[in-house]
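Structure assessment
Chain by chain, the residues run as shown.
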Amino acid sequence: MIVGSGGREDAIVRNLVSYGHSVYSCIGIANPSIIRNSAEYVEVRETDWKSIHARSLAWRPDLAVVSPDSALDTPLVDSLTLSGIPVASPSSKAAEIETSKQFMRSIMAKYSIEGNLWNQTYTDSESLRSGISGMRNEFVVKPIGLTGGKGVRVMGEHFPDAESGIKLAEEILGKDGRVLIEEKVTGEEFSLQVFCDGSDIVAMPLAQDYKRAYEGNTGPNTGGMGSITDSDHLLPFVSAAQKDKAMGILRRIVSALSMEGRPFTGIMYGQFMASRNGVKVIEINARFADPEGINVINLLDEDLGEIFMKLVNGNVETGIRFKNRATVLKYVVPPGYGTNPRQTDLIISPAEKADSAELYYASVTGTLDKVKTSKSRALAIIAQADSIPEASRKVDESLKRISGEFAIRRDIGSAEMIRRKVASFNNPAS
Ligand code: AMP
Ligand code: GLY
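What counts and what doesn't
Residues numbered from 1 in each chain as written. Chains lettered and ligands numbered in written order. Predicted model: local features only at pLDDT ≥ 70, side-chain atom pairs only at ≥ 80, totals over all residues. Heavy atoms only, no water. Near = heavy atom within 4 Å. Polar contact = N/O pair within 3.5 Å; in protein donor to acceptor, adjacent residues only side chain to side chain. Areas by Shrake-Rupley, 256 points an atom, 1.4 Å probe, with all protein chains shown as cover. Nonpolar A, V, L, I, M, F, W, Y, C, P; charged D, E, K, R; others polar. Phe/Tyr/Trp six-rings, centres within 6.5 Å; stacked < 30°, edge-to-face > 60°. Helix = DSSP H or I, 4+ residues; strand = E, 2+ residues; numbered from the N terminus. Buried < 20%, exposed > 50% of the residue type's maximum accessible area, 1.4 Å probe, protein only. Lys NZ or Arg CZ within 6 Å of the ring centre and 35° of its normal. Axes fitted to C-alpha atoms, helices over the stretch in contact; angles between N-to-C directions. Parallel < 35°, antiparallel > 145°, perpendicular 65-115°, else oblique. Contact = heavy atoms within 4.5 Å. Arc of directions from axis to C-beta. Pairing = 2+ DSSP bridges.

Around ligand 2, the neighbouring residues are D209, G223, Y269, R287, A289, D290, P291 and E292. One of the side-chain N or O atoms of Y269 is found 3.2 Å from a nitrogen atom in ligand 2. Interatomic distance of 2.6 Å between a side-chain N/O atom of E292 and a nitrogen atom of ligand 2. Relative to its free-state accessible area of 200 Å², ligand 2 is covered by the protein chains to the extent of 89%. Class assignment of the residues belonging to the shell around ligand 2 gives a composition of 3 nonpolar, 1 polar and 4 charged.

Right under this line is the structure:
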């Protein structure tokens, strides 16, 4: 049984079905690809854990996977576990590593884990003002809880100076009663997703996510407009040593969670910044990333169902095989996405040749060849190739399969973009 109905869940479901599993889906939106690939499905809000739990008692699956963060922020995993259903996703206590940014920072501090940032949670405007006014460094304003990737405000990008940052923080304070202020770090961001069985972790290929809505990394933050991976499972601008550092940090977080009586089972995904002062933690998440999860699942040469079972049984092993190919994924989104999205219809014609890009269905309804978009990301187009720029070109080429009005970031993975990043990696001072 799988909970979730985006592009990431379409990728999970299609891996499972290709290995002969029967999938029972709880979907928030009538995603035509998930429906096509499910033995049975039910349309239900992904946060309606009581209905999903009731449905699981009727289905009695051998294994459940709760994929989206919104569902992990409910008692769903705990209630499935209590009913004797094995779940390859973290309990609500373990998922707090994502659902509370304050908890994540405090665990890192308590266990002196490398890569933490200066941070402070404020609950009143007076201490917020006095805390920030003494600060010389640039800072970032964050709600404590989940924001779908859209709640964080970065000084110099989303607001110009300390005073306007305080105003933004006060708005969050007014709504949530709490606000997190963090030191701002700069550098290259990368995503490291790992399989975690409660104590051991196994790495997936590194990925980079492009969150800004418009080309050239401009415009508002989104859930993610696309993502890349490289054939050596590093990135052209992130070294093996930096990946090892990030692995070390995740290992220590997993062990800290165990010591806190919150063992973590499932996928853990760290967002890191390779900064001048070392590898820093931006965020820890308790699930596959979307889109980066689609890149790695697309490369996976193994049965996810078997891996999920190993996570539940506490015996995940190294040597999980991913193809040594580069991938580029670009999301087709409704026009105006990021500020003022408009729903549209898209016609999808069949692929011309077997080796072209693959298409995963996200927040759309309709049929496999004619979809109606929502206001969120619509279709994930992903190609594999020997290099990132070649994969990027393949995605662009396959856009001729899609007619209708949509937006997409063509620059993701382009030769020019990679060249610029590699140049600043080789010459960090410039
Ligand atoms: P999040 O929702 O935490 O993933 O944050 C969204 C984006 O904000 C991240 O991908 C970063 O680009 C940026 N961000 C978050 N925290 C920081 C930080 N402490 N310093 C610099 N950028 C940050
Ligand atoms: N790639 C952004 C996220 O999944 O949170």
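With that out of the way, let us pick up the packing of aromatic side chains. As enumerated under the stated definition, the model contains 4 aromatic pairs in all. A centroid spacing of 5.6 Å and a plane angle of 45 degrees characterise the contact between F139 and F159, whose relative ring orientation is tilted. Taken together, the residues span a long stretch of sequence, with F139 in strand β6 (residues 139-142) and F159 in the loop between β7 (153-154) and α9 (162-176) at a distance of 20 residues. On the basis of relative accessible area, F159 is assigned to the buried category, the value being 4%. Plain terms: the ring middles of F195 and F288 are 6.5 Å apart, the flat faces sit at 90 degrees to each other, and that makes the pair edge-to-face. Here F195 is found in strand β9 (residues 188-197), whereas its partner F288 is found in the loop between β14 (278-285) and α11 (292-299), with 93 residues between them in sequence. Accessibility assignment for this pair places F195 and F288 in one class, buried. Here K421 stacks its cationic end above the ring of F237, 5.3 Å away from the centre of that ring.

It is worth spelling out the site of ligand 1 at this point. For ligand 1, the set of nearby residues contains 16 residues, the closest of which are E183, V185, E189, Q271 and E283. Between K142 and ligand 1, the recorded distance is 3.0 Å, taken from a side-chain N or O atom to a nitrogen atom. In the complex, the protein chains occlude 93% of the 470 Å² of accessible area that ligand 1 would expose alone. Residue assignment for the shell around ligand 1 shows that the elements contributing at least two residues are β6, β8 (179-183) and β14. By residue class, the composition of the shell around ligand 1 is 6 nonpolar, 2 polar and 8 charged.

So, about the packing of helix α1 (residues 7-18) against helix α12 (residues 304-313). For the pair α1 and α12, the least separation of the axes is 8 Å and the interaxial angle reads 100 degrees. Taken together, the axes of α1 and α12 are roughly perpendicular relative to one another. Where α1 abuts α12, its residues I12, N15 and L16 lie against L304, G305 and F308. Split into classes, the residues belonging to the contact of α1 with α12 amount to 4 nonpolar, 2 polar and no charged.

So, on to α12. Among the residues of α12, those classed as buried are L304, G305, I307, F308 and L311. Here the buried residues of α12 occupy an arc of 160 degrees about the axis, which is enough to place them on one side. Where the residues of α12 are buried, they touch α1, β4 (65-66), β9, β13 (265-275) and α11. Looking at where α12 begins, the residue whose side-chain oxygen comes 2.7 Å from the main-chain nitrogen of G305 is D303.

In space, the 4 strands of this open sheet follow the order β3-β2-β1-β4, with parallel pairing throughout. Both edges of this open sheet fall to β3 (40-43) and β4, since each of them pairs with a single strand only. Here 2 bridges tie strand β1 (residues 2-3) to β4, and the two strands are oriented parallel to one another. Bridge pairing in β4 places I2 opposite V65. Lying on the sheet, helix α3 (residues 49-59) is in contact with β1, β2 (24-27) and β3; it crosses β3 at an angle near 160 degrees.

Without other data, these values stay purely geometric and don't point to any function.
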